[in-house]
Amino acid sequence: QEFIYMKSSYMNELKRLGVPMAPTIFAYKRDRTPEGLLQQIKERGWKMFVMKQSYMAFSLGFCKLKVEECEKNPKILEDYFEEHSDCPEYVVQEAIEGFVRNWETRCFWFNGEFLYAIANKAAVSTDDGVEQIVTGEDIPEEFLE
């Protein structure tokens, strides 16, 4: 379970195995600062990014930010760091256009047997700012391919 909780664990393993993923920075509690993180983001040339936390799910602590806004108002990142100071790592990724367009599908298995799936779009990805979730028979078949 710890392997899944700490997003860097499974993401680094998937990357090692050649699974494509969005450009990612792991901001570990021991050495992260708002200024240092913004500098890393700017060095990569990102204009927009998303942040989430290990040990969280279902968009808790998730935010989408613009570099320009964070430069103009450093308090944005400072407040995030203060509010989520106990989190062992933040996962910071370049905002990818397809994330807004496509659903995230999660499949749940137990003892090698498929139990159920849900598909969702985070509130930051929808036009009306409301999270959308579909389950069971409402999930389009192509989401599960």
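If you're wondering where the values come from, they're calculated on a predicted model, not measured in any experiment. (Residues numbered from 1 in each chain as written. Predicted model: local features only at pLDDT ≥ 70, side-chain atom pairs only at ≥ 80, totals over all residues. Heavy atoms only, no water.)

Asker: Before we move on, could you go through unusual backbone geometry and cite the residues and values that matter?
Answerer: Here the phi dihedral of asparagine 111 falls at roughly 50°; this positive angle occurs in a residue that is not glycine. In this fold, asparagine 111 is placed in the loop between β5 (104-110) and β6 (113-121). Owing to a relative accessible area of 71%, asparagine 111 belongs among the exposed residues under this scheme. (Helix = DSSP H or I, 4+ residues; strand = E, 2+ residues; numbered from the N terminus. Buried < 20%, exposed > 50% of the residue type's maximum accessible area, 1.4 Å probe, protein only.)

Asker: Outline a nonpolar patch on the surface, listing residues and values.
Answerer: On the surface, a cluster of nonpolar side chains totalling about 310 Å² of accessible area is made up of Leu14, Leu17, Val19 and Met21. Following the sequence through the fold, leucine 14 ends up in helix α2 (residues 7-16). (Patch = residues over 30% accessible without salt bridge, like charges linked within 9 Å, V, L, I, M, F, W, Y side chains within 5 Å. Areas by Shrake-Rupley, 256 points an atom, 1.4 Å probe, with all protein chains shown as cover. Salt bridge = Lys/Arg side-chain N within 4 Å of Asp/Glu carboxyl O.)

Asker: A description of the pairing of strand β2 (residues 48-53) should follow, citing residues and the corresponding values.
Answerer: Bridge count between β2 and strand β3 (residues 63-66): four bridges; the pairing is antiparallel. Looking at β3, one finds that valine 50 is bridged to lysine 64. Sheet topology places β2 next to strand β4 (residues 89-94); five bridges connect them, and they run antiparallel. Counted as the bridge partner of methionine 51 is valine 92 from β4. (Pairing = 2+ DSSP bridges.)

Asker: So what's going on with the environment of leucine 65? Residues and values would help.
Answerer: The topology assignment puts leucine 65 in strand β3. Sequence spacing of leucine 65 and isoleucine 76 is eleven residues, and the spatial spacing of their C-alpha atoms is 8.9 Å. For leucine 65, the contacting residues outside a window of four places in its chain are Lys47, Met48, Phe49, Cys70, Ile76 and Leu77. (Contact = heavy atoms within 4.5 Å.)

Asker: I'd love a proper account of the sheet that holds β3, names of residues and values included.
Answerer: One open sheet accounts for four strands, arranged β1-β4-β2-β3; its pairing is antiparallel. At either end of the open sheet lies a strand with only one pairing partner, and these are β1 (24-28) and β3. Pairs of neighbouring strands in the sheet enclose a mean axial angle of 25°, with direction left out of account. In the packing of helix α3 (residues 34-43) onto the sheet, the strands contacted are β1, β2 and β4, and the crossing angle to β1 comes to about 165°. (Axes fitted to C-alpha atoms, helices over the stretch in contact; angles between N-to-C directions.)

Asker: Can you explain the pattern of salt bridges? Please cite residues and give values.
Answerer: Going through the model one piece at a time under the given rule, you end up with four salt bridges. Between aspartate 79 and lysine 75 there is a salt bridge, with the nearest N and O atoms lying 2.8 Å from each other. Taken together, the residues aspartate 79 and lysine 75, both in helix α5 (residues 75-83) and four residues apart, mark about one turn of the helix.

Asker: For the packing of α3 against α5, give the residues involved together with the corresponding values.
Answerer: Two elements in contact, α3 and α5, have axes separated by 9 Å at closest approach and are oriented at 120°. By the angle between their axes, α3 is oblique relative to α5. Taken as a pair, α3 and α5 cross one another with a handedness that is right-handed. Counting all contacts with α3, which are made through Pro34, Glu35, Leu37 and Leu38, the residues of α5 involved are Leu77, Glu78 and Phe81. (Parallel < 35°, antiparallel > 145°, perpendicular 65-115°, else oblique. Left-handed = near helix turned anticlockwise from the far one by under 90°.)

Asker: Explain the environment of phenylalanine 81 to me, and be specific about the residues and the numbers.
Answerer: Here phenylalanine 81 shows up in helix α5. In this structure, the C-alpha to C-alpha distance between phenylalanine 81 and arginine 32, residues 49 residues apart in sequence, is 8.8 Å. In this structure, phenylalanine 81 is in contact with Arg32, Thr33, Pro34, Leu37, Met51 and Tyr90, ignoring residues within four places of it in sequence.

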